[in-house]
Amino acid sequence: MKVTHSLRGRLLWFLLAAITIAAVAQAFIAYRTALQDADQIFDYHMQQMALSLRSRIPLTSTEETANVETPVAGNDDLVVQVWSPDGVQVFKSVSHARLPQRAVLGFSNVRANGTTYRIFSIQANSQTVQVAQDLAVRRSMASNLALRTLGPIAVMMPILMLVVWWVVSGSLEPVARVRKQVASRQADDLSPVSEAGLPDEVRPLVHELNLLFGRVRTAFDAQQHFVGDAAHELRTPLAALKLQVQSLERANDNPEARRVAIGRLGAGIERATRLVEQLLVLARQEASATPHQAVDLAGVAKRAVADLAGLAQARSIDLGLQRADSADIQGQPDALMILARNLVDNAIKYTPNGGTVDVSVVADKGAVRLTVEDSGPGIPPEERERVFDRFYRVPGSDAAGSGLGLAIIKSIAQQHGAALALGESARLGGLEVTVTFPV
């Protein structure tokens with residue numbers, strides 16, 4: 001039989017089945033016990049009757065007493081016989097039953113008259129008393145007594161089933177209430193589900209569901225802010241590109257003005273392309289769910305320095321890997337590469353021509369630190385928290401950028417459980433960015 005996957009159905013099925021099996025077993029045991037008790041009671045009554053008759057029958061027999069039947073039971077269900085010491089029957093109850101003219105002391109079963117009799121015989125000094133009972137009659141009476149013991153079980157079993165049905169349904173009502181709350185919600189309704197009145201086994205599940213709703217709501221809010229900020233930031237370079245195209249159209253007759261307009265248009269396209277690329281990197285990074293694996297951070301730093309060496313050489317910037325301790329961390333290789341490239345790219349971008357950018361990977365005390373230092377202007381202490389906001393740029397900055405580089409770095413660091421810190425380079429005098437990864 002296929003068991004339903006419904007919790008309510010499974011509980012009811014197993015509990016009602018257990019009640020039925022227990023009731024049947026109890027009824028069988030009670031019935032057998034009642035039959036045994038009835039047999040013991042009837043045997044006891046037969047024994048007491050024989051003992052009582054022993055004192056009432058004459059001690060000597062005569063012809064008259066031998067042929068006279070004295071009524072005792074009045075039917076064939078119970079037969080009483082008494083013999084004198086010399087084997088003469090001196091007493092027999094009124095009955096059509098013909099029992100064997102012999103007696104086995106104690107209890108015995110004798111087949112006679114097409115049925116079986118339960119016989120008890122006792123011998124005194126002067127006589128032998130025998131009491132016999134038809135087992136068919138006894139079993140009928142014992143069965144009636146035993147069936148009476150089954151009545152309470154037959155009545156209580158359906159009542160107990162109804163009580164179990166009511167208790168299970170009532171206990172699962174809070175679960176049904178939570179289901180209705182979730183089912184009736186709109187797609188954008190991420191408010192917490194009420195935990196009032198929930199069983200202890202269900203409350204942790206609903207609590208975790210509320211935490212999930214909170215995380216999803218935070219992600220939705222961040223996504224909405226991201227879309228709004230991206231739309232705002234893209235509006236400016238697109239408007240600038242439109243103006244530059246118009247300037248290019250007006251400069252058809254002036255080669256010098258046309259050359260300047262083309263240069264400005266190319267720079268505008270480059271800035272817009274860079275902004276879109278950064279937006280796509282940030283969106284892809286926030287939505288990434290790639291499992292972590294062992295990554296050599298020193299190797300990542302080496303590849304980032306090698307990729308950006310040409311850009312640093314074009315501006316006469318001394319870019320180098322000062323220290324590279326080999327140490328594996330758990331992370332996403334592509335995301336860590338984006339983090340290292342952005343750190344080095346920002347340092348090159350804000351360092352004056354002829355400056356210095358140093359990268360180091362240091363393994364120490366259960367942690368690995370990735371540090372990028374430059375000889376640029378640095379970031380004032382009061383601005384170091386805000387530079388991690390999307391599209392925020394330090395006032396007065398001349399370097400081209402979208403304000404997304406540090407936001408991407410912060411997002412990757414958070415996904416890897418790393419600590420991100422900004423400070424002043426004691427050696428180069430510019431900005432020092434340190435990302436500390438747990439090993």
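Computed from a predicted model, the values in this text were never measured in an experiment.

1. Concerning the overall build of the protein
- Across its full length, the protein carries 10 helices and 12 strands.
- Expressed as a percentage of the 439 residues in the protein, the buried residues total 37%.
- Residue pairs in contact within the protein that sit at least 24 positions apart in sequence constitute 62% of those at least 6 positions apart.
- When the accessible surface of the protein is split by element, carbon and sulfur atoms take 57% of a total near 25,600 Å².

2. Overview of the sheet that holds strand β5 (residues 128–134)
- The strand order across the open sheet built from five strands is β2-β1-β5-β4-β3, with neighbouring strands paired in antiparallel fashion. Two strands bound the open sheet, and with one partner strand each, they are β2 (89–92) and β3 (106–112). Put simply, the sheet's adjacent strands are angled 25° from each other on average, direction ignored.
- Summarising the sheet, strand β4 (residues 115–123) and β5 pair through seven bridges and their orientation is antiparallel. Looking at β5, one finds that R118 is bridged to Q133.
- Where helix α3 (residues 135–171) meets the sheet, its contacts fall on β3, β4 and β5, and the angle it forms with β5 comes to roughly 60°.

3. Let's talk about the nonpolar core
- If you look at the biggest cluster of nonpolar residues, it comprises 41 residues, and the most contacted ones within it are L319, L339, L343, I348, V359, L370 and F437.
- Mapped onto this core, the elements with two or more residues apiece are α7 (297–307), α9 (333–350), β9 (356–364), β10 (367–374), α10 (405–415) and β12 (431–438).
- Among the elements that make up this core, the one with the highest residue count is α9 (10 residues).
- Once residues within four sequence positions are removed from consideration, I348 is found in contact with L308, L311, A312, R315, I317, L319 and V357.
- With 12 residues, the next largest nonpolar core counts L53, V80, V90 and F120 among its residues.

4. Details of a nonpolar patch on the surface
- A surface patch of nonpolar side chains, about 680 Å² in accessible area, is lined by V155, M156, I159, L160, V163, W166 and V167.
- If you trace the backbone, M156 turns up in helix α3.

5. So, the packing of α7 against α9
- Viewed as axis vectors pointing N to C, α7 and α9 meet at an angle of 50°, and their least axial separation amounts to 9 Å. Classified by the interaxial angle, the pair formed by α7 and α9 is oblique. Once α7 is placed against α9, the crossing between them reads as right-handed. In this structure, α7 uses V300, R303, A304 and D307 to contact α9, whose residues at the interface are L336, M337, A340 and R341.
- Here the residues of the contact of α7 with α9 sort into five nonpolar, no polar and three charged.

Cut-offs used in this document
- Residues numbered from 1 in each chain as written.
- Predicted model: local features only at pLDDT ≥ 70, side-chain atom pairs only at ≥ 80, totals over all residues.
- Heavy atoms only, no water.
- Helix = DSSP H or I, 4+ residues; strand = E, 2+ residues; numbered from the N terminus.
- Buried < 20%, exposed > 50% of the residue type's maximum accessible area, 1.4 Å probe, protein only.
- Contact = heavy atoms within 4.5 Å.
- Areas by Shrake-Rupley, 256 points an atom, 1.4 Å probe, with all protein chains shown as cover.
- Pairing = 2+ DSSP bridges.
- Axes fitted to C-alpha atoms, helices over the stretch in contact; angles between N-to-C directions.
- Core = buried A, V, L, I, M, F, W, Y, C linked by side-chain atoms within 4.5 Å.
- Patch = residues over 30% accessible without salt bridge, like charges linked within 9 Å, V, L, I, M, F, W, Y side chains within 5 Å.
- Salt bridge = Lys/Arg side-chain N within 4 Å of Asp/Glu carboxyl O.
- Parallel < 35°, antiparallel > 145°, perpendicular 65-115°, else oblique.
- Left-handed = near helix turned anticlockwise from the far one by under 90°.
- Nonpolar A, V, L, I, M, F, W, Y, C, P; charged D, E, K, R; others polar.

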